[in-house]
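# Architecture and fold: a report
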Amino acid sequence: MIKLVVFDLDNVIIDGEAIDEIGKLANVEDDIAEITEKAMQGEIDFETSIKDRVQLLEGTSIEEIEKVADELPLMPGACKTVKCLKDKDVDVAIISGSFDVVADKIKDKLGVDTVYTNSFTVEDGKLTGEVTGPLVSGSKLDVLKDHVEEAGITLDEVVAVGDGANDISMIESAGCGIAFNAKDSVKEIADVVVEEKDLCKVLDEILNQLTTDDAETETVEEEIAEEAEAEEAVGEEVVEDAAEPAEEDAEEAVGEEVVEDAAEPAEEDAEAKKAKSKKADKGLPESNFVLADTMEGVRKQKDEKEAEISKVAEEREEFNKIAKEQRKIRDELNASLKENLNKAIEFRNERNEINKAVEAAKKARNDANTKIKNLEWSSGKRDKIKIENEIKKIDKIIETRVLDIKKENQLVKNANDLRKQLMEIHEDESVKSEAQELKKLSEEEHTKVIELSEKAQAAHEEMLTYFRKTDDIRTAADEAHKKFIEARKNASAKHEEFKAILSDIHVINKKLGSNKPKRRKSDNKSSPGANKNREEKERAEEIFEKFKKGGKVSTEEILLLQKYNIG
């Protein structure tokens with residue numbers, strides 16, 4: 001679930017680089033732009049670049065800078081993007097190596113929740129050339145980690161948007177990293193790349209995540225549970241299909257009404273018949289069936305209705321079969337969906353762990369390089385390089401210019417004196433040895449960075465593969481669920497049709513039964529003839545059950561069924 005979106009400021013929220021525009025006030029825009037580009041490409045570390053650029057701005061009026069800040073254009077789509085995220089209860093923050101004099105104005109314009117930036121040092125209304133703030137020596141990831149810890153959320157619930165090398169740390173570590181019109185080094189590690197200068201494209205990607213993967217709100221288990229509840233709710237409608245109690249009860253009730261034998265015990269009273277009729281009609285709709293005028297016509301109607309109900313029952317069973325098949329397919333797909341999603345998450349976690357190791361190796365390498373640089377300067381190398389450059393400059397003048405002999409001799413003498421100084425400079429051997437060890441360490445850590453980055457990329461590709469599979473499986477599962485629902489609805493409709501026809505058959509059976517002669521009242525003792533008829537009736541009922549199950553029926557058995565008007 002996305003809870004926070006973090007944006008870089010320059011070339012992301014605003015359409016331009018603030019310090020480049022400020023540089024125009026001091027006529028150093030070209031020098032600043034050159035340093036900015038190197039920093040964005042990762043050719044120099046950000047701390048060095050920001051200090052060097054601010055140093056060039058020494059003496060610039062803070063009032064003039066505020067005017068420039070007011071005029072900086074917003075990136076297309078910035079207002080809509082921030083507003084939409086806020087409407088969806090997603091926090092928005094800006095983490096930038098730029099300056100509070102710019103960022104605070106943007107914060108007010110857009111209603112951004114939190115801003116982390118650096119600050120100019122100002123004395124008497126002018127810049128001193130110094131800069132302070134959490135992003136001078138610290139990384140954006142350090143700032144982001146502190147923010148999420150204070151907010152009580154995790155990095156997995158963060159989307160980070162940036163374009164330059166100093167954004168890589170937070171883009172790599174966030175749950176989703178988006179490269180916005182970014183340098184190649186940023187695109188390589190980002191989860192999403194947006195090439196258009198329109199933040200609405202970034203918003204679209206974020207909204208897709210909020211609504212779909214919802215990576216990343218609703219688990220697969222919850223989805224399956226919801227579907228199971230839906231099945232139970234509708235399953236109650238289809239339960240009747242298994243045993244069809246209404247049909248069996250009706251046949252029993254109708255059979256007892258139809259069989260009338262003069263030798264049977266005294267006629268049942270009206271209340272008993274009424275109770276039987278209610279049992280037969282339980283759960284069935286009221287019938288408005290119009291009977292034929294003749295008994296022959298009624299019998300024909302019964303044959304037609306029985307053929308019709310048999311066809312409807314077959315159609316209903318076919319729909320139930322399809323529903324069962326599609327439910328099985330859907331459940332298997334949902335199980336596979338869960339497995340693939342777990343795999344994708346495993347690879348994402350693996351990638352994130354490797355990226356942490358990459359960051360550690362990068363830090364060790366950079367620390368070693370910084371120590372090497374400091375050692376080289378402190379060992380006399382700096383003076384040596386300076387003298388060598390002076391000698392080269394004198395030699396070039398002698399070679400390229402026409403000089404009088406006196407001036408040329410002086411230059412030659414100066415060069416020789418410098419060469420004598422150069423020979424007297426000796427590098428400290430212990431420092432040189434330490435520098436060599438540090439260089440070896442730097443190379444080892446750089447090798448680790450390359451190897452680990454390749455592993456992280458491989459894990460990232462595997463993660464994407466499984467997420468794509470998850471999308472395909474979810475689509476197939478949704479399709480199977482739609483087919484299941486459709487088949488279940490069709491089965492329920494056919495069952496209602498079945499009950500309606502059965503109600504009509506009850507009307508017909510009652511008519512056929514009422515046409516037989518009324519049996520005479522007699523004493524309560526059963527005669528031998530009554531016992532025989534009862535046995536025959538029971539035998540006829542057994543034959544009919546066998547017939548319904550597909551068993552063969554002899555001519556004698558058919559006559560017995562006709563005698564008791566069964567089937």
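Preceding this paragraph is the structure being described.
Residues numbered from 1 in each chain as written. Predicted model: local features only at pLDDT ≥ 70, side-chain atom pairs only at ≥ 80, totals over all residues. Heavy atoms only, no water.

### Comments concerning unusual backbone geometry
Most of the time, phi is negative for any residue but glycine, and the peptide bond is trans. Selection criterion: For helices the rule is a DSSP run of H or I covering at least 4 residues; for strands it is a run of E covering at least 2, with both sets numbered from the N terminus onward. When accessible area is computed with a 1.4 Å probe and restricted to protein chains, residues below 20% of their type maximum are described as buried, those above 50% as exposed, and intermediate ones as partly exposed.
Even without a glycine there, the phi angle at Asn27 is positive, about 55 degrees. Within the secondary structure, Asn27 is located in the loop between α1 (18–23) and α2 (29–41). Given the relative accessible area of 67%, Asn27 is considered exposed. The phi angle at Asp124 is positive, at roughly 55 degrees, despite the residue not being glycine. Examined against the element boundaries, Asp124 turns out to sit in the loop between β3 (114–123) and β4 (126–132).

### Looking at the side chain of Arg351
Structurally, Arg351 can be placed in helix α15 (residues 295–400). On the basis of relative accessibility, which here comes to 4%, the residue Arg351 falls in the buried class.

### Some points on the environment of Leu72
Mapped onto the secondary structure, Leu72 falls in the loop between α4 (62–71) and α5 (78–87). On a C-alpha basis, the gap between Leu72 and Lys105 in space is 9.9 Å, while along the polypeptide they are 33 residues apart.

### Comments concerning the side chain of Asn355
Note the following rule: For this analysis, residues touch if any pair of their heavy atoms sits within 4.5 Å.
Relative to the assigned elements, Asn355 resides in helix α15. Not counting residues within four places of it along the chain, the set of residues in contact with Asn355 comprises Glu172 and Ala456.

### With respect to the sheet that holds strand β7 (residues 192–194)
The condition is simple: One requirement defines pairing of two strands: DSSP has to find at least two bridges between them. Axis definition: a line fit to C-alpha positions, over the contact stretch in the case of helices; interaxial angles, taken between N-to-C directions, run 0 to 180 degrees.
The strand order across the open sheet formed by seven strands is β4-β3-β2-β1-β5-β6-β7, and the pairing between neighbours is mixed. With partners counted over all chains shown, the strands left at the sheet margins are β4 and β7, one partner each. Each strand axis lies, on average, 25 degrees off the axis of its neighbour in the sheet, ignoring direction. Here four bridges tie strand β1 (residues 4–7) to strand β5 (residues 158–162), and the two strands are oriented parallel to one another. From the neighbouring strand, Val6 faces β5, where its bridge partner is Ala160.

### With respect to the pairing of strand β2 (residues 91–99)
Along a regular strand, successive side chains alternate from one face of the sheet to the other. Threshold: Whether a crossover is right-handed comes down to one check: with the strands pointing away from the viewer, does the path from the first strand over the helix to the second run clockwise; if it does, it is right-handed.
The element β2 is largely enclosed, with a buried count of eight among its nine residues. Pairing of β1 with β2 involves four bridges; the strand directions are parallel. Each bridged residue has a counterpart across the sheet, and for Val5 the counterpart in β2 is Val92. Pairing analysis gives four bridges linking β2 to β3, with the strands arranged parallel. By the bridge assignment for β3, Ala93 is matched with Thr114. Read from β2 through helix α6 (residues 100–110) to β3, the crossover connection turns out right-handed.

### Section: the pattern of salt bridges
The test is simple: By convention in these notes, a salt bridge is any Lys or Arg side-chain nitrogen within 4 Å of a carboxyl oxygen on Asp or Glu.
For the structure on display, the rule yields 29 salt bridges. We note a salt bridge from Asp15 to Lys197, for which the minimum N-O separation is 2.6 Å. A residue pair is termed long-range when its members are at least 10 positions apart, and Asp15 in the loop between β1 and α1 and Lys197 in the loop between β7 and α10 (199–211) qualify at 182 residues. The partner of Asp87 in a salt bridge is Lys83, and the shortest N-O contact between them spans 3.0 Å. Taken together, the residues Asp87 and Lys83, both in helix α5 and four residues apart, mark about one turn of the helix. Residue Asp87 is classed as exposed on the basis of its relative accessible area of 52%. Residues joined by salt bridges that share partners form a network here, namely Lys311, Glu315, Lys494 and Glu497.

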